[in-house]
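Listed below, chain by chain, are the residues.
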Amino acid sequence: MAAGAPDHILAIAPYQPGKPIEELAREFKLDPANIIKLASNENPLGMPDSAKSAMMKAVTTLGRYPDPNGFELKAALAARYGVPAAWVTLGNGSNDLLELASLALLGPGLSAVYAQHAFAVYRLATQARGARHIVVPAREYGHDLNAMLAAIDQDTRLVFIANPNNPTGTFLPAADVVAFLQQVHERWGDKVTVLLDEAYNEYLDPELRFDSARWVEQFSNLIVSRTFSKAYGLAGLRVGFALAQPRLTDLLNRVRQPFNVNSPAQAAAIAALDDADFLQRSYALNRDGKQALCAAFQKLNLQFVPSYGNFVLVRVGDAAGVNLALLKRGIIVRPVGADGLPEWLRVSIGLPQENARFIEALTAIVGAA
Ligand SMILES: Cc1ncc(COP(=O)(O)O)c(C=O)c1O
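Residues numbered from 1 in each chain as written. Predicted model: local features only at pLDDT ≥ 70, side-chain atom pairs only at ≥ 80, totals over all residues. Heavy atoms only, no water.

The line we're drawing: UniProt positions are given in the numbering used here, feature names are shortened, and annotations may be inferred rather than shown by experiment.
Taking an unreviewed UniProt entry as the reference, the protein is identified by name as Histidinol-phosphate aminotransferase belonging to Pollutimonas thiosulfatoxidans. Annotation of the protein in UniProt includes, under Cofactor (unreviewed entry), the sentence "pyridoxal 5'-phosphate". In its Subunit (unreviewed entry) section, the UniProt record describing the protein reads: "Homodimer."

Structure follows, in structure tokens:
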């Protein structure tokens, strides 16, 4: 114990969020209206109108606590995914569910397995519980599932898999994930939980899509997490959900704050879930924007990791220098040195005009180097 907190808490390197537009405007004396933010994998279309009107109606009820059990949203999710409502846990963003899983399953003397360059919150959630980290070297910037299986130890209680992964954008085909789930369950039974984090699932091309709710029926040690923050456009409202069988759902609920998802968020999520048109527009815009960015990187001879999410990881060499030059031009992207990728930047896919402005700026910066 030092400074009144346990050593494992003092050792936490805090999460580095994307720079807010207002902060950049103040720092470089820029007009906020001319700043573009491609740094937090948000939906450039913003929030769907359907969700906005549902949210505005719910705002009138804010004098009361939200439904602690999220009855209507859970019912809608249960119908969508073909599982009992009792298998659904709601979260304050899917980040909350990652925390809940680590709270329920980890502690000192236990360990979590996750991949190098995987989503930073796996490290933070493990660290906050005082648990041991088993970080498995990445293979081609993605998860090496065989090595992850082999790395599971007697004290392992949780394995985090991001599919697609952030910040690398890599993807594991359904057959590989199922084989992994089968092997983990055969070898370890319910002792080891796999948390399959599918925050970017809705951006997958149709031929790659799969139904992970069926895996939840098959594997009693599986939690699948999803979010309304990305393709559904509700990042600011903070809504995510997990699907798992009753044993795991019960564990998550033991450590969940009773009112963790507010009522406007619940109402907006129900509306967004039904808004197939908005989801399709988000997907198509992202697919086209990704093509434009990757074509530009190719032209500039910059290495990039083919992405299955709503962002692309690109190797620019002097990432700090290129990032600063972009900031001066009013463009915010994400340096990923803290993820072990010091030469790379992660760029979220924006509106066509935002992507074009980023490409133009990058071409000027890299071309001048
Ligand atoms: C892989 C992954 N999982 C989970 C999250 C958490 O998102 P949210 O809490 O907004 O659902 C993110 C956010 O960027 C992510 O990239």
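With respect to the layout of surface pockets
Formally: Every definition here rests on a 1 Å grid over the protein atoms only: cavities are sets of points where a 1.4 Å probe fits but cannot get out, pockets are open sets enclosed by protein on both sides within 12 Å along at least five of seven lines, and lining residues have some atom within 4 Å of a point. Grid points are joined across faces, edges and corners, and a volume is the space filled by probe spheres set on the points. Only runs of H or I of at least four residues qualify as helices and only runs of E of at least two qualify as strands under DSSP, and these elements are numbered from the N terminus. Here the nonpolar group is Ala, Val, Leu, Ile, Met, Phe, Trp, Tyr, Cys and Pro; Asp, Glu, Lys and Arg are the charged ones; every other residue, Gly included, is treated as polar. The start and end points of each domain follow an automatic or database-based domain assignment.
Approximately 510 Å³ is the volume found for the largest pocket. In this structure, the largest pocket is lined by 26 residues; those nearest its centre are Y15, S40, F119, K230 and R238. Elements with a contribution of two residues or more to the lining of the largest pocket: α5 (94-105) and α6 (120-128). Here the lining of the largest pocket takes three residues from α5, the largest share from any one element. The class makeup of the residues in the lining of the largest pocket is 11 nonpolar, eight polar and seven charged. Counting contributing residues per domain, the lining of the largest pocket is built from domain 1 (7-46 + 277-368) and domain 2 (49-275), each supplying no fewer than three. Empty space within the second largest pocket amounts to approximately 320 Å³. Together, 14 residues line the second largest pocket, and R139, H143, L145, L172 and D176 are the ones closest to its centre. At the level of secondary structure, the elements contributing two or more residues to the lining of the second largest pocket comprise α7 (145-151) and α8 (174-188).

What about the packing of helix α4 (residues 71-81) against helix α11 (residues 263-273)?
Cut-off, in case you're wondering: Between N-to-C directions, angles cover 0 to 180 degrees, with each direction set by a line fitted to C-alpha atoms, over the stretch in contact for helices. Convention used here: angles under 35 degrees read as roughly parallel, angles over 145 as roughly antiparallel, angles from 65 to 115 as roughly perpendicular, and any remaining angle as oblique. Should the near helix be turned anticlockwise from the far one by less than a right angle, the crossing is left-handed, and should it be turned clockwise, the crossing is right-handed. We call two residues in contact whenever any of their non-hydrogen atoms come within 4.5 Å of each other.
The contact between α4 and α11 brings their axes to 9 Å, and the two run at 25°. Taken together, the axes of α4 and α11 are roughly parallel relative to one another. α4 and α11 meet at a crossing whose hand is left-handed. In contact with E72, L73, A76, L77 and R80 of α4, α11 contributes Q266, A269, I270 and L273.

Brief notes about the site of the ligand
Quick reminder of the rule: Proximity is defined per residue: any heavy atom of the residue falling within 4 Å of a molecule or strand makes that residue near it. Residues adjacent in sequence count toward polar contacts only when both atoms are side-chain atoms; beyond that, a polar contact is any pair of N or O atoms within 3.5 Å, and within protein one must be able to donate a hydrogen and the other to accept it. Here the accessible surface of atoms and residues is derived via Shrake-Rupley with a 1.4 Å probe, and residues count as covered only by protein chains that are part of the display. Grid points define the cavity or pocket, and a molecule sits in it when more than half of its atoms lie within 2 Å of them.
With respect to spatial proximity, the complete set of residues near the ligand consists of G93, S94, N95, F119, N166, D197, A199, Y200, T227, S229, K230 and R238. D197 has a polar side-chain atom sitting 2.6 Å from a nitrogen atom of the ligand. Residue R238 places a side-chain N or O atom 2.7 Å away from an oxygen atom belonging to the ligand. Burial of the ligand by the surrounding chains reaches 94%, relative to a free accessible area of 400 Å². Of the pockets mapped on this structure, the ligand occupies the largest pocket. In the shell around the ligand, the residues fall into three nonpolar, six polar and three charged.

Considering empty space enclosed by the protein
Counted under the stated rule, the structure contains one cavity of 30 Å³ or more. Space inside the largest cavity adds up to approximately 40 Å³. Forming the boundary of the largest cavity are D67, P68, N69, G70, K74, L90, R256, N260, V261 and Q266. Partitioned by chemical class, the residues of the lining of the largest cavity number three nonpolar, four polar and three charged.

Side note on the sheet that holds strand β10 (residues 311-315)
Quick note on the threshold: Here, strands pair whenever DSSP counts at least two bridges between them.
Pairing within the open sheet is antiparallel, and its four strands lie in the order β9-β10-β13-β12. Strand pairing shows two members of the sheet lacking a second neighbour, β9 (304-305) and β12 (334-335), which therefore form its edges. Across the sheet, helix α12 (residues 276-299) is in contact with β9, β10 and β13 (344-348); its angle to β10 comes to roughly 10°. Packing against the sheet, helix α13 (residues 319-328) makes contact with β12 and β13, and its axis sits at approximately 35° to β13.

Points about the packing of α5 against helix α10 (residues 246-255)
A pair of packed helices is characterised by two quantities: the angle between their axes and the separation of those axes. The N-to-C vectors of α5 and α10 enclose an angle of 95°; their axes lie 8 Å apart at closest approach. The angle between the axes of α5 and α10 places the two elements in the roughly perpendicular class. In contact with L100, A101, L103, A104 and L105 of α5, α10 contributes L248, L251, L252 and V255. Each residue belonging to the contact of α5 with α10 can be placed in one class, and the counts come to nine nonpolar, no polar and no charged.

Some details on the packing of aromatic side chains
Note the following rule: For Phe, Tyr and Trp, rings pair up if their centres lie within 6.5 Å, where Trp contributes its six-membered ring, and each pair is then called stacked (planes under 30 degrees apart), edge-to-face (over 60) or tilted (otherwise). Accessible area is worked out with a 1.4 Å probe on protein chains only. A residue is then buried under 20% of its type maximum, exposed over 50%, and partly exposed in between. Lysine NZ or arginine CZ positioned within 6 Å of the ring centre and within 35 degrees of the ring normal marks a charge as sitting over the ring.
Considering all chains together, one arrives at 13 aromatic pairs under this definition. Consider the rings of F171 and F210, whose centres lie 6.3 Å apart with planes at 20°: the pair is stacked. One end of the pair, F171, is in the loop between β5 (156-162) and α8; the other, F210, is in the loop between β6 (193-197) and α9 (212-218), and 39 residues separate them in sequence. Centre to centre, the rings of F228 and F241 are 5.9 Å apart; their planes meet at 50°, and the pair counts as tilted. Of the two residues, F228 sits in the loop between β7 (222-227) and β8 (240-243) while F241 sits in strand β8, which places them 13 residues apart along the sequence. For F228, a relative accessible area of 0% gives the class buried. For F241, a relative accessible area of 1% corresponds to the buried category. In this structure, R209 packs its charged tip against the face of Y283, placed 5.1 Å from the ring centre. Taking the ring centre of F311 as reference, the NZ or CZ of R346 above it sits at 5.7 Å.

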